[in-house]
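A closer look at the structure
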Amino acid sequence: MVKTTMIARVTDALPLAASMDDEQVEMELKEYKSQAKLIFRKLTLNSERRCSIESGSYVFHYIIDHGVAYLCICEHNYPRKLAFTYLDDLAKEFFLSYGNELDRPGLRPYAFVKFETFMQKTKRLYQDTRTQSNLTKLHEDLQDVTKIMTRNMEDLLYRGESLDNLQGKSEQLLRDSAMYRKTARDVNLQAMYRKYGPPIIVGFVLLLVIYWRFWWY
């Protein structure tokens, strides 16, 4: 099930809204909420747009939309597709409600606390994975969650691993690879010219001489 949800601005990790949890959940998730704040601080506009991060008994799922990060903490057995569909629903409504206020000067932490009402209402809809509507969402081919990157919290905490978008790095590698192939092809052509060019030129000149002698004499 979805345990809690947090929303923050990507550029400065400013918290914008969060679900209000009871005392038991607060105590249970105290350490994980600290880790969630760490994730927000590591996010940039170049980070993966969708990612899952495993940590102990829970999984953090987040999406980035219009410069805002939406993150939920779920139990390990909660379906990823439902988690990301839930976050998509929040992102759509949040941007419709507050999109033109996100860059407002002097914006204070939790400025959109009223959004918590919609978060709790939406969270209840996604709690039971066996309801017909959630079963339908699970079977709809809306998004291929198998392509979403999965990370480990230990890598972020102790190895300093980045959440930067690997797609950008992959594209750069492809460009570098294409450039390398072009350079290698040019070098090979130059080597062939140096090796076979002089004999070919000599042979061509000889053919011209022979042709000229037999044609004119």
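We now turn to the structure provided with this report. Just so it is clear, the model here is predicted, and its values are computed rather than measured.

1. What to know about the packing of aromatic side chains
Any aromatic ring pair is given by two values, namely how distant the centres are and how the planes are angled relative to each other. Taken as a whole and assessed by the stated rule, the structure comprises 10 aromatic pairs. With a centroid separation of 6.4 Å and 45 degrees between ring planes, the pair formed by Y32 and F60 is classed as tilted. With Y32 in helix α1 (residues 23-42) and F60 in strand β4 (residues 58-65), this residue pair connects regions lying 28 residues apart in the sequence. Since its relative accessible area comes to 0%, F60 is described here as buried. Among the aromatic residues, ring-to-ring pairing joins Y70, F94, Y98, F112, F115 and F118 into one connected group.

2. A closer look at a nonpolar patch on the surface
A surface patch of nonpolar side chains, amounting to about 390 Å² of accessible area, comprises L189, M192, Y196 and I200. Positionally, Y196 belongs in helix α6 (residues 166-216). Residue Y196 is classed as partly exposed on the basis of its relative accessible area, which comes to 43%.

3. So, helix α2 (residues 80-98)
For α2, built from 19 residues, the straight-helix expectation of 27 Å at 1.5 Å per residue is met to within 8% by its first-to-last C-alpha distance of 26 Å. Along α2, the positions that sit buried rather than exposed are K81, L82, A83, F84, T85, Y86, L87, L90, A91, F94 and Y98.

4. Things to note about the pattern of salt bridges
Using the criterion set out here, one finds six salt bridges in the structure. Where E28 meets K3, a salt bridge forms, and the shortest distance between an N and an O atom there is 3.6 Å. Taken together, the positions of E28 in helix α1 and K3 in strand β1 (residues 2-9) put the pair 25 residues apart, joining distant regions of the chain. Judged by its relative accessible area of 33%, E28 falls in the partly exposed class. One salt bridge in this structure joins E26 and K33, with 2.6 Å as the shortest N-O distance. Judged by relative accessible area, which is 32%, E26 ranks as partly exposed. Residue K33 is classed as buried on the basis of its relative accessible area, which comes to 13%. Where salt bridges share partners, they join D21, E26 and K33 into one cluster.

5. As for the nonpolar core
Counting 26 residues, the largest nonpolar core has I7, L16, Y70, L87, F94 and F115 as its most contacted members. Looking at this core, the elements that each hand over two or more residues are β1, β2 (15-18), β5 (68-75), α2 and α3 (116-127). Among the elements that make up this core, the one with the highest residue count is α2 (nine residues). Other than its neighbours up to four places away in sequence, I7 contacts L14, P15, L16, A17, F40, V68, A69, Y70, F94, F115 and M119.

6. Overview of the packing of α2 against α3
Packing of α2 against α3 leaves a shortest axis separation of 11 Å and a crossing angle of 155 degrees. Classified by the interaxial angle, the pair formed by α2 and α3 is roughly antiparallel. Between α2 and α3 lies a crossing of right-handed hand. Seen from α2, the contacting residues are L82, T85, Y86, D89, L90 and E93; seen from α3, they are F118, M119, T122, K123 and Y126. Here the contact of α2 with α3 is built from residues that sort into six nonpolar, two polar and three charged.

7. Side note on the pairing of β1
Taking burial as the measure, the eight residues of β1 include eight buried ones, the bulk of the element. Pairing between β1 and β5: seven bridges, direction antiparallel. What sits directly across from T4, in β5, is I73. Bridge count for β1 against β2 is three bridges, and the pairing is antiparallel. In the strand pairing of β2, A8 is matched with P15. Linking β1 to β2, which pair antiparallel, is a turn of five residues; within it A13 sits at a positive phi near 60 degrees.

About the criteria used
Residues numbered from 1 in each chain as written. Predicted model: local features only at pLDDT ≥ 70, side-chain atom pairs only at ≥ 80, totals over all residues. Heavy atoms only, no water. Phe/Tyr/Trp six-rings, centres within 6.5 Å; stacked < 30°, edge-to-face > 60°. Helix = DSSP H or I, 4+ residues; strand = E, 2+ residues; numbered from the N terminus. Buried < 20%, exposed > 50% of the residue type's maximum accessible area, 1.4 Å probe, protein only. Patch = residues over 30% accessible without salt bridge, like charges linked within 9 Å, V, L, I, M, F, W, Y side chains within 5 Å. Areas by Shrake-Rupley, 256 points an atom, 1.4 Å probe, with all protein chains shown as cover. Salt bridge = Lys/Arg side-chain N within 4 Å of Asp/Glu carboxyl O. Expected span 1.5 Å × (residues − 1). Core = buried A, V, L, I, M, F, W, Y, C linked by side-chain atoms within 4.5 Å. Contact = heavy atoms within 4.5 Å. Axes fitted to C-alpha atoms, helices over the stretch in contact; angles between N-to-C directions. Parallel < 35°, antiparallel > 145°, perpendicular 65-115°, else oblique. Left-handed = near helix turned anticlockwise from the far one by under 90°. Nonpolar A, V, L, I, M, F, W, Y, C, P; charged D, E, K, R; others polar. Pairing = 2+ DSSP bridges.

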